[in-house]
Amino acid sequence: MTATFEKKGTNDGVLKFTIAQDEIQKGLTTAFNKVKKSLNVPGFRKGKVSRQVFNRMYGEEALYEDALNAVLPEAYEAAVKEAGIDPVSQPKIDVESMEKGQDWVITAEVTVKPEVKLGQYKDLVVEKQDREVTDADVDARIKREQEAQAELVIKEDEAAENGDTVVIDFEGFLGEETFEGGKGENYSLELGSNSFIPGFEEQLVGTKAGDSKDVTVTFPEDYQAEDLAGKEAVFKVTVHEVKAKELPELDDEFAKDVDDSVESLAELKEKYRAELTETKEKAAEDAKDEAAIRQAVENAEIVELPHSMVHDEVHRSMDEFLNNMQRQGISPEMYYQLTGSTEADLHTQFEGEAETRVKTNLVIEAIAKAEGLEATEEDIEKEIKELSEAYNMPVDQIKRVLTEDMLKHDITMKKAVELVTGTAKEA
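Anyway, here's the lowdown on the structure attached to this text. Keep in mind it's a predicted model, so treat the numbers as computed, not measured.

**Considerations on the overall build of the protein**
Phase 1 of the analysis: If you tally the helices and strands in the protein, you get 12 helices and 11 strands.
Phase 2 of the analysis: Its C-alpha atoms give the protein a radius of gyration of 34 Å, more than 25% over the compact-globule value 22 Å for 427 residues.
Phase 3 of the analysis: Referenced to the eigenvectors of the C-alpha coordinate spread, the extents of the protein come out at roughly 105 × 60 × 45 Å.
Phase 4 of the analysis: Classification of the 427 residues of the protein by burial places 33% in the buried group.

Shown next, in the form of structure tokens:
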């Protein structure tokens, strides 16, 4: 085989290669064995016609298309390897020559991975991350637990305040007409929670049990129900009850109710401090690592990202997102209806992130290549064992799901990431 690659653009080019006679003959044999099964030729039982008779009756050229389909995948892969290119899209194949008795000449229009010019990626200096847990952080955690333990107590003949819960009936009108989803009965609404349309909750501050009130609001311009977006509505509201939160005392008994492994409020605070410290430390390390990778990517230069790579990444993200929705019982059609969006809107939403991920992956791959990083057999076995334990799957099943090439690529990428993040410093 001879294979050459001629660039036609930044990342596009034409791969030209030949298929030798021995491979052609293998392909013709495969094609003939496939075709003869359905042939009815006088003097021969069905499927038993000889190759010579077939060639006389139909001509060997009748097998060329099927023969090419049989040998092309392997020939293309060999040509890619010989030319030393890394295609990122399906090739557009064209037959330049299929002369009888001659090697076949094939061309393929392909898009290849772009060239990455690395900048600095080791010993990067990133912004110092906050790792300190303050008394205010601990008090806020305690406050959340206190709020969670609060009881709602009815306020007798007292006005509702922010933070109180009102039990209401409501019905919405656009002019004189009601609208779908605008009615509720005995609905518990916490004032100040911002769970209703902007402006609704504020107008109920000061109301008492037994009050009726017209609440006028304007739906946001981007409201999910397009027939309501930007329109003014009046809700007729009846207040049945006003309830206030009654918070438990912050004492040792409260601490034991919240966590039976502690004996005092001071002990609960120390436990929360330790948990918050661990969480904040991990978040700071993650932020530091992300900043280092982001800086390494920004320091690199890629003239042009192939559209096909970004397109594939967008659709991978969309498929993952919609599959997650499906697992929650929400079909793509239902999602688009609920959000008032379209498939094109979702595509646009993922485009920016996709470009960033594609560029990041390309830079990390380039770093791995520049550093000569590789996955050893020991690395692969360790990775398989860890995946087996993490997903509670047998080792054999992991090996069936993930090929050795996939594992090698993932491990090499991890090594490159660790090189960047492990040498980064905070300042």
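Next, the rest of the story.
**Looking at the pairing of strand E7 (residues 165-174)**
Phase 1 of the analysis: A large share of E7 lies buried, amounting to seven of its 10 residues.
Phase 2 of the analysis: For E7 and strand E8 (residues 177-190), the ladder comprises eight bridges, and the chain directions are antiparallel. Across the sheet, residue Leu174 finds its bridge partner in E8, namely Glu177.
Phase 3 of the analysis: Of the strand pairs in this sheet, E7 and strand E10 (residues 232-246) are connected by nine bridges, and their pairing is antiparallel. Bridge pairing in E10 links Asp169 to Thr238.

**Remarks on the pairing of strand E3 (residues 92-97)**
Phase 1 of the analysis: Two elements, E3 and strand E4 (residues 104-111), share five bridges in a ladder whose sense is antiparallel. Each residue of the ladder has a partner; that of Ser97, found in E4, is Val105.
Phase 2 of the analysis: Between E3 and E4, which pair antiparallel in sequence order, lie six residues; one of them, Gly101, sits at a positive phi of approximately 80°.

**Things to note about helix H9 (residues 343-371)**
Phase 1 of the analysis: Spanning 29 residues, H9 covers 41 Å between terminal C-alpha atoms, matching the ideal 42 Å at 1.5 Å per step.
Phase 2 of the analysis: Taking the largest bend as the criterion, H9 deviates by roughly 35°, centred on Glu351.
Phase 3 of the analysis: Buried residues along H9 sit against helix H6 (265-299), helix H7 (307-327), helix H8 (332-339) and helix H12 (404-423).
Phase 4 of the analysis: Positive backbone phi, approximately 65°, marks Gly372, located one or two places after H9.

**Quick notes on the packing of aromatic side chains**
How two aromatic rings sit relative to each other is set out by the distance from centre to centre and by the angle between their planes.
Phase 1 of the analysis: For the structure on display, the rule yields 16 aromatic pairs.
Phase 2 of the analysis: Here the aromatic cluster, defined as three or more aromatic residues joined through ring pairs, consists of Phe170, Phe179, Tyr187, Phe196, Phe200, Phe219, Tyr223 and Phe235.

**Describing the environment of Gly9**
Phase 1 of the analysis: Mapped onto the elements of the fold, Gly9 is located in the loop between strand E1 (3-7) and strand E2 (12-19).
Phase 2 of the analysis: Separated by 207 residues in the primary sequence, Gly9 and Thr216 place their C-alpha atoms 60 Å from one another.

**Quick notes on the side chain of Thr421**
Phase 1 of the analysis: Within the secondary structure, Thr421 is located in helix H12.
Phase 2 of the analysis: Beyond its immediate stretch of four places on either side in the chain, Thr421 contacts Lys288, Asp289, Ala292 and Ile293.

**Structural notes on the pattern of salt bridges**
Phase 1 of the analysis: Under the counting rule described, the total for this entry stands at 31 salt bridges.
Phase 2 of the analysis: Between Asp130 and Lys280 there is a salt bridge, with the nearest N and O atoms lying 3.3 Å from each other. A residue pair is termed long-range when its members are at least 10 positions apart, and Asp130 in the loop between strand E5 (125-126) and helix H4 (135-148) and Lys280 in helix H6 qualify at 150 residues.
Phase 3 of the analysis: Across the pair Arg131 and Glu281 runs a salt bridge whose closest N-O atoms are separated by 2.9 Å. Highlighted residues: Arg131 in the loop between E5 and H4 and Glu281 in helix H6, separated in sequence by 150 residues.

**Details of the sheet that holds E3**
Phase 1 of the analysis: Pairing within the open sheet is antiparallel, and its four strands lie in the order E1-E2-E4-E3. On the outer flanks of this sheet lie E1 and E3, each paired with one strand and no other. Taken pair by pair, the neighbouring strands of this sheet meet at an average axis angle of 20°, ignoring direction.

**Describing the packing of H9 against H12**
Phase 1 of the analysis: Relative orientation of the contacting elements H9 and H12 amounts to 85°, with a least axis distance of 9 Å. Regarding the angle of H9 to H12, the classification is roughly perpendicular. Together, Asn361, Ile364, Glu365, Ile367, Ala368 and Glu371 of H9 and His409, Thr412, Met413, Ala416, Val417, Leu419 and Val420 of H12 make up the contact between the two elements.
Phase 2 of the analysis: Tallied by class, the residues present in the contact of H9 with H12 amount to eight nonpolar, three polar and two charged.

Parameters at a glance
Residues numbered from 1 in each chain as written. Predicted model: local features only at pLDDT ≥ 70, side-chain atom pairs only at ≥ 80, totals over all residues. Heavy atoms only, no water. Helix = DSSP H or I, 4+ residues; strand = E, 2+ residues; numbered from the N terminus. Rg over C-alpha atoms; globule rule 2.2 N^0.38 Å. Buried < 20%, exposed > 50% of the residue type's maximum accessible area, 1.4 Å probe, protein only. Pairing = 2+ DSSP bridges. Expected span 1.5 Å × (residues − 1). Bend = angle between axes of the 7 residues up to and from the residue. Contact = heavy atoms within 4.5 Å. Phe/Tyr/Trp six-rings, centres within 6.5 Å; stacked < 30°, edge-to-face > 60°. Salt bridge = Lys/Arg side-chain N within 4 Å of Asp/Glu carboxyl O. Axes fitted to C-alpha atoms, helices over the stretch in contact; angles between N-to-C directions. Parallel < 35°, antiparallel > 145°, perpendicular 65-115°, else oblique. Nonpolar A, V, L, I, M, F, W, Y, C, P; charged D, E, K, R; others polar.

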